[in-house]
Amino acid sequence: MTAAAAAAIAVAAASAGTPVSNSTHWSTEETKLLIRTWGDYREEFAEIKRNLVVWNKVLERLLSAGFFRTVEQCRNRWKFLETKYKTAARDMGTAGNTAW
């Protein structure tokens, strides 16, 4: 899915009464789906340096599940989760070189 296609879906959803969420709050279900979907595309994220195409695939999965976010929101949420994980691992003394 291209960025334009994802944007078109978001616009269509908004016109149908389901706006893209501007909230910084992510539900547990939404976060779990983001994590599972990122895991499904983990190899592609590792192989592709400019990974907008992969993030659009993640966005497509979220949109199809009824979660209306943007690629930027997904990236920011993932960075937040990654940072929290690394902080928790370090604080527990298990950081090291964990392969994702």
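One pass over the structure, following the stated rule, counts four salt bridges. The partner of D40 in a salt bridge is R61, with the nearest N and O atoms 2.6 Å apart. Separated by 21 residues along the polypeptide, D40 in helix 2 (residues 28–40) and R61 in helix 4 (residues 52–64) bring together distant segments of the chain. Relative accessible area serves as the criterion here: at 28%, R61 is assigned to the partly exposed category. Of the charged contacts, one joins K57 and E44 as a salt bridge, the two residues approaching to 2.8 Å between their closest N and O atoms. Within this pair, whereas K57 is found in helix 4, its partner E44 is found in helix 3 (residues 42–47), the two being separated by 13 residues in sequence. On the basis of relative accessibility, which here comes to 26%, the residue K57 falls in the partly exposed class.

This part is about the nonpolar core. If you look at the biggest cluster of nonpolar residues, it comprises 17 residues, and the most contacted ones within it are L34, F45, W55, V58, L62 and C74. Among the elements of the structure, helix 2, helix 4 and helix 5 (71–91) are those that each provide at least two residues to this core. Top element by residues in this core is helix 4. It accounts for six residues. Residue contacts for L34: discarding those within four places in its chain leaves W26, W55, V58, L62, C74, R77, W78 and L81.

Conventions adopted
Residues numbered from 1 in each chain as written. Predicted model: local features only at pLDDT ≥ 70, side-chain atom pairs only at ≥ 80, totals over all residues. Heavy atoms only, no water. Salt bridge = Lys/Arg side-chain N within 4 Å of Asp/Glu carboxyl O. Helix = DSSP H or I, 4+ residues; strand = E, 2+ residues; numbered from the N terminus. Buried < 20%, exposed > 50% of the residue type's maximum accessible area, 1.4 Å probe, protein only. Core = buried A, V, L, I, M, F, W, Y, C linked by side-chain atoms within 4.5 Å. Contact = heavy atoms within 4.5 Å.

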